[in-house]
Every structure is written in structure tokens, then in C-alpha cells.
Amino acid sequence: MPGPMHGLSIRPANAMDGPAFDAVIGASEPVAWSTLNTPTSRSLVAMNANASPVGFIEARQAGDDIEIIMIATKRASRRQGVATALLQVLIAQTDGTNTRRVILEVAEDNAAAWRLYEQNGFIEIARRKRYYRAGRDGGPCDALLLARGFASEPAA
Ligand SMILES: CC(C)(COP(=O)(O)OP(=O)(O)OC[C@H]1O[C@@H](n2cnc3c(N)ncnc32)[C@H](O)[C@@H]1OP(=O)(O)O)[C@@H](O)C(=O)NCCC(=O)NCCS
């Protein structure tokens, strides 16, 4: 298993990053990344040592929560700590901003994602039964709602 990515850096996303986000998720058509760069959203880009985007996180303020809308790492760059670094920077930047929790929703059958979240201190706070009609095995799949607090204020 590869170690942490050498030369990884994280910066705020800007309106020019849409195509890079599309490339990270392997979108066949451009996605309307309308929440980039607005007063209520926070998006970060992870870049490798060659300044090439390898991952991103998109979150929005939802009252006193911040909600992660999407986190993704380019396929060839996975398991090298990119998503962990993005999550940690988002959490560090949000701590102390009157935000109570980081929340998100994940399909129960997305083991890579929920392990990432579990490893970063998220706990299950609710479950939407059969929220996804067609999960990875073709059948229905539950959605898990996860949350974590900050060093100063626990999620519970
Ligand atoms: C989920 C995802 C963002 C993880 O990105 P990543 O950069 O590979 O994550 P990290 O390298 O920081 O991994 C951190 C931990 O998550 C867990 N994890 C990540 N990928 C995993 C996998 N394929 N299988 C099992 N656990 C996995 C591991 O615990 C890992 O720690 P380890 O490598 O020390 O064992 C990436 O797989 C992805 O882009 N998936 C498609 C998009 C998606 O499903 N996003 C989440 C829902 S919006």
C-alpha cells in the first residue's frame, strides 16, 4: 500500500476548477459546480507535486452545520491520504467559526467512503432505510448520516 502522497498541497477552489473537478470524478459531461466560490460554500482542491489536481472536497454551510456535498480523489491517486488531507484541512478551517458539526450522507455500501469518515472521527447519527433504490449489488441500500464535532464541541 502506498504511503502519504509526496508533495501534496491543498488550496481553496476557484471558479476555474470545474473542469479539474470533472476530471477527478471522471465525469463524461461537465458538471455544473454552481456552489464553487460562494459565500456559503467551501471547496478545496488537492494538488500533487506537479500542481495537478488529484482530489477535491465541496461543502456548504447549513445553519450551524457544515455539510460535505462531495469528496473525491482521482482513481490513480487513491489510498495515499488525499481525501484524509482534504477532510482535515476543511475541519481545521471550520473549527472556531461557530459551526457545531460536520455532517454528510454516505451510501452504506460505499465502504471506502465510510471507512475514511470513521477513521476521521465521524459517527452514525441517523439512517435512511433503502434510500438508494439501486446500490452496488443492484438492490436497495441504506443511506447513513454521519457527523463529527470539533475539538471544542463534540457532535452528540
Ligand atoms: C472515498 C474516497 C474519496 C477516498 O479517497 P482516498 O484519497 O483514497 O482516501 P485516503 O487515502 O485518505 O484513505 C483514508 C482511509 O479511508 C479508507 N479507505 C479509502 N479507500 C478505501 C478502500 N478502497 N477500501 C477500504 N478502505 C478505504 C481507509 O481506511 C484509508 O486509510 P488507509 O489507506 O490507511 O487504510 C475515494 O475512494 C473516492 O474518490 N471515491 C469515489 C467518490 C466517493 O465515493 N466519494 C464519497 C461519497 S461523496
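Here's what I pulled together on the structure shown here. (Residues numbered from 1 in each chain as written. Predicted model: local features only at pLDDT ≥ 70, side-chain atom pairs only at ≥ 80, totals over all residues.)

To continue, consider unusual backbone geometry. Despite not being glycine, Ala51 shows a phi value in the positive range, around 60 degrees. Here Ala51 lies in the loop between strand E2 (41-47) and strand E3 (53-62). Under the C-beta neighbour-count criterion, Ala51 is labelled exposed, with 9 such atoms within 10 Å. A positive phi is found at Asn98, a non-glycine position, where the angle reads about 60 degrees. Note that Asn98 resides in the loop between helix H2 (82-94) and strand E5 (101-107). (Helix = DSSP H or I, 4+ residues; strand = E, 2+ residues; numbered from the N terminus. Buried ≥ 20, exposed ≤ 12 C-beta atoms within 10 Å, placed from the backbone.)

For the rest of this paragraph, the subject is the site of the ligand. As a matter of local geometry, the ligand sits amid 20 residues, with Thr73, Arg78, Ala83, Thr84 and Ala112 nearest to it. Going through the elements one at a time, strand E4 (65-73), H2 and helix H3 (111-119) are the ones with two or more residues in the shell around the ligand. The element contributing the most residues to the shell around the ligand is H3, with six residues. Residue composition of the shell around the ligand, grouped by class: ten nonpolar, seven polar and three charged. Of the residues that make up the shell around the ligand, three or more belong to each of domain 1 (1-99) and domain 2 (102-156). (Near = placed C-beta within 6 Å. Nonpolar A, V, L, I, M, F, W, Y, C, P; charged D, E, K, R; others polar. Domains from an automatic or database assignment.)

Such coordinate-based values are descriptive only and should not be taken to indicate function.
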